[in-house]
Amino acid sequence: MGHLARVEKVIRHLNIDEDNVVIITPSSFSKHFPQFEFVQLRWNDSVEIWQKQISDTFHNYLITACYVDVFPFGIKAELPSIYEAFENISFHYIARILKWEFYKSECISAINFHFKSTLVLERLYETHKIWIQRISEEIIYIDIAPQTMPKQIRLHEKPYSLVIHSGGIKAVEKLCDLAIGNTAEKPNELIAVITQVPFKHVNPRIITHTGLFGILPYLHFAEHIYTAAGFNTVNELKNYRAKHTIFPFDKLYDDQFLRVKQVL
């Protein structure tokens, strides 16, 4: 979900016509972005299959520019051969926090290519930043945090805290346990959960909302907000920091602990 939500904001920020966009992704959340055309990768397919699908897409859609989100060599190191094969395409990189040294050790890094530009969304590890400076013709620092808030919607008449996390279930449970503990002295306060996974909790104060997409309309009326430390969520809740508890999870490549350290 995070990758698609971020890419949507970048597309809007750059004023790219939605009709001219095709997104290549293995994400299962593409249904939430009906304004875009998708080429759906499958997680279990080999890197060779991914490379062929990407290559076919570039040919079939006459792609002239490609924006690579977060992982410059791809998730499975599928992109270096693509860069070499399509020298006529303008490649751009969208950079957020990445456990750079670990990611680089897992992927192919010795390749002669460059990005036309890199869009930097937040402060990065210094080694990552140095690599970007070497590999990019232009570096642009952009802020894709929402500039205006939509009309605010109250989810419940009773006071409630808000837990926001698209998935998986164990992470949602952890955030709920945190909210339950912090509201133990408020037995009448509900805990509203916005998630994309089928989630049930034995605590009767917890009410799950799985049909909501987009968190911005639901922030104002919450007594408190509990989330993980993913880029999109932290970025969107800048104006609610006083009532926002950010819980970092140990992710494979995203350093949520560094992000929390930088924003708090």
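Residues numbered from 1 in each chain as written. Predicted model: local features only at pLDDT ≥ 70, side-chain atom pairs only at ≥ 80, totals over all residues. Heavy atoms only, no water.

### Digging into the sheet that holds strand S5 (residues 117–120)
Okay, step 1: Taken in spatial order, the four strands make up an open sheet running S3-S4-S5-S6, and their pairing is parallel. Where the open sheet ends on each side, the last strands, each with one partner, are strand S3 (65–69) and strand S6 (139–141). Between one strand and the next, the sheet's axes are offset by a mean angle of 20°, whatever the strand orientation.
Okay, step 2: Strand direction decides the pairing type here: strand S4 (residues 90–95) and S5, joined by four bridges, are parallel. The residue bridging His92 from the neighbouring strand is Ser117, located in S5.
Okay, step 3: Most of the contacts of helix H5 (residues 126–135) go to S4, to which it runs at about 165°, and overall it touches S4, S5 and S6. (Pairing = 2+ DSSP bridges. Helix = DSSP H or I, 4+ residues; strand = E, 2+ residues; numbered from the N terminus. Axes fitted to C-alpha atoms, helices over the stretch in contact; angles between N-to-C directions. Contact = heavy atoms within 4.5 Å.)

### Let's talk about the sheet that holds strand S8 (residues 190–194)
Okay, step 1: Strand order in the open sheet formed by five strands is S9-S8-S7-S10-S11, and the pairing between neighbours is parallel. Edge positions in the sheet fall to strand S9 (206–209) and strand S11 (244–247), since each of these pairs with one other strand and no more. Direction aside, the axes of adjacent strands within the sheet are offset by 20° on average.
Okay, step 2: Here S8 runs beside S9; their pairing, made up of four bridges, is parallel. Among the inter-strand pairings, Ala192 is bridged to a residue of S9, identified as Ile207.

### Remarks on unusual backbone geometry
Okay, step 1: Despite not being glycine, Val70 shows a phi value in the positive range, around 70°.
Okay, step 2: According to the relative accessible area criterion, Val70 is buried, its value standing at 0%.
Okay, step 3: In the Ramachandran plot, Ala77 falls in the positive-phi region, its phi being about 60° despite a non-glycine side chain. (Buried < 20%, exposed > 50% of the residue type's maximum accessible area, 1.4 Å probe, protein only.)

### Re the nonpolar core
Okay, step 1: Counting residues in hydrophobic clusters, the biggest one holds 31 residues, and the most contacted among them are Phe58, Phe91, Leu98, Tyr103, Phe115 and Trp131.
Okay, step 2: For this core, the secondary-structure elements that each account for two or more residues are helix H2 (47–60), S3, helix H3 (80–85), S4, helix H4 (100–106) and H5.
Okay, step 3: Not counting chain neighbours up to four residues away, the residues in contact with Phe91 comprise Phe58, Cys66, Ile82, Tyr83, Phe86, Phe115, Lys116 and Ser117. (Core = buried A, V, L, I, M, F, W, Y, C linked by side-chain atoms within 4.5 Å.)

### Quick notes on the side chain of Gln152
Okay, step 1: Along the chain, Gln152 turns up in the loop between S6 and strand S7 (160–164).
Okay, step 2: A distance of 2.9 Å separates a polar side-chain atom of Gln152 from the backbone nitrogen of His220.
Okay, step 3: Not counting the four nearest positions on each side in its chain, Gln152 is found in contact with Leu216, Pro217, Tyr218, Leu219, His220, Phe221 and Tyr240. (Polar contact = N/O pair within 3.5 Å; in protein donor to acceptor, adjacent residues only side chain to side chain.)

### Here's the deal with the environment of Cys66
Okay, step 1: Within the secondary structure layout, Cys66 lies in strand S3.
Okay, step 2: Along the sequence, Cys66 and Phe115 sit 49 residues apart, while their C-alpha atoms lie 9.8 Å from each other.
Okay, step 3: Every residue in contact with Cys66, bar those within four places of it in the chain, is listed here: Phe58, Ile89, Ser90, Phe91 and His92.

### As for the pattern of salt bridges
Okay, step 1: For the structure on display, the rule yields 12 salt bridges.
Okay, step 2: A salt bridge links Asp69 to Arg6; the shortest N-O distance between them is 2.9 Å. Residue Asp69 is located in strand S3, and its partner Arg6 is located in helix H1 (residues 2–13); the two are separated by 63 residues in the primary sequence. Here the two residues Asp69 and Arg6 agree in accessibility, since each one is buried.
Okay, step 3: Note that Arg259 is salt-bridged to Asp254, the shortest N-O span being 3.0 Å. Neither residue differs from the other here; Arg259 and Asp254 are each classed as buried.
Okay, step 4: Here the salt bridges do not stand alone but share partners, grouping Arg96, Glu122, Asp254 and Arg259 into one network. (Salt bridge = Lys/Arg side-chain N within 4 Å of Asp/Glu carboxyl O.)

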